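Single-letter residue listing:
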Amino acid sequence: QVRLVESGGGSVQPGGSLRLSCIASGIRYGANTMAWYRQDPGKERELVASITRSGESMYSDSVKDRFTISRDTAESTIWLEMNNLKPEDTAMYYCTNWIYWGQGTQVTVSS
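Residues numbered from 1 in each chain as written. Predicted model: local features only at pLDDT ≥ 70, side-chain atom pairs only at ≥ 80, totals over all residues. Heavy atoms only, no water.

Enquirer: Is there a simple way to explain unusual backbone geometry in this structure?
Expert: In terms of backbone geometry, most residues other than glycine have negative phi values and most peptide bonds are trans. You will see that D65, though not glycine, has its phi angle at about 75 degrees, which is positive. Given the relative accessible area of 80%, D65 is considered exposed. The backbone phi angle of N84 is positive, close to 50 degrees, even though this residue is not glycine. Examined against the element boundaries, N84 turns out to sit in the loop between strand 8 (77-82) and strand 9 (91-96). (Buried < 20%, exposed > 50% of the residue type's maximum accessible area, 1.4 Å probe, protein only. Helix = DSSP H or I, 4+ residues; strand = E, 2+ residues; numbered from the N terminus.)

Following this line, the structure appears as structure tokens:
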């Protein structure tokens, strides 16, 4: 059974930080490019960041220089380190390999 389980979301003030985790099981995790998406109600799902098997990463312009994606293939885990959070970062965050999706973890940024 394939599972992607996100955690680490929460509520923070603007300028704060959070670290999201995604643990993958039941898939050939190490062969996959993995990604984080986010979606706020009423908006389209947005690609936030992705990372290849070899560790090459890319970021959306809205999070570049604030977010960092990383992975530990041996632990089947990917992370999203989020710094200097802004209210517009508020959304449900999902990890995916574009075939399977997790259930998401909520991030809320407000004062």
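Still more ground to cover, so stick around.
Enquirer: Sorry if this is basic, but what is going on with the sheet that holds strand 4 (residues 34-39) here?
Expert: Within a sheet, neighbouring strands are paired by backbone hydrogen bonds and run either parallel or antiparallel to one another. Spatially, 2-10-9-4-5-6 is the arrangement adopted by the six strands of the open sheet, whose pairing is mixed. Among the strands making up the open sheet, the edge pair consists of strand 2 (10-12) and strand 6 (57-59). Taken pair by pair, the neighbouring strands of this sheet meet at an average axis angle of 20 degrees, ignoring direction. Looking at chain direction, strand 4 and strand 5 (residues 46-51) are connected through five bridges and run antiparallel. Across the sheet, Y37 pairs through a bridge with L47, a residue of strand 5. (Pairing = 2+ DSSP bridges. Axes fitted to C-alpha atoms, helices over the stretch in contact; angles between N-to-C directions.)

Enquirer: How should the pairing of strand 5 be read in this particular structure?
Expert: It is a general feature of regular strands that their side chains alternate between the two faces of the sheet. In sequence, strand 4 turns back onto strand 5 through a hairpin of six residues, with G42 there showing a positive phi of about 85 degrees. Sheet topology places strand 5 next to strand 6; three bridges connect them, and they run antiparallel. Across the sheet, the residue bridging to S50 is M58, located in strand 6. Counted between consecutive antiparallel strands, the loop separating strand 5 from strand 6 contains five residues, among which G55 sits at a positive phi close to 95 degrees.

Enquirer: What is the right way to look at the nonpolar core in this model?
Expert: Among the nonpolar cores identified, the biggest contains 25 residues, and W36, V48, F67, L80, M82 and Y93 are the most heavily contacted of them. Among the secondary structure elements, those contributing two or more residues to this core are strand 3 (18-25), strand 4, strand 5, strand 7 (67-72), strand 8, strand 9 and strand 10 (105-109). For this core, the leading source of residues is strand 3, giving four residues. (Core = buried A, V, L, I, M, F, W, Y, C linked by side-chain atoms within 4.5 Å.)

Enquirer: Just to check I follow, could you spell out the sheet that holds strand 7 for this structure?
Expert: Reading across from one edge, 1-3-8-7 is the order of the four strands in this open sheet, with antiparallel pairing throughout. Every other strand in the sheet has two partners, leaving strand 1 (3-7) and strand 7 as the edge strands with one partner each. When strand polarity is set aside, the average angle formed by the axes of neighbouring strands in this sheet is 15 degrees.

Enquirer: It is not clear to me how the side chain of T105 should be interpreted in this structure. Could you clarify?
Expert: Relative to the assigned elements, T105 resides in strand 10. Judged by relative accessible area, T105 falls into the buried class, the value being 9%. Polar side-chain contacts of T105 include one of 3.0 Å to the backbone nitrogen of G9. Setting aside residues up to four positions removed in sequence, T105 forms contacts with E6, S7, G8, G9, L20, A91, M92 and Y93. (Polar contact = N/O pair within 3.5 Å; in protein donor to acceptor, adjacent residues only side chain to side chain. Contact = heavy atoms within 4.5 Å.)

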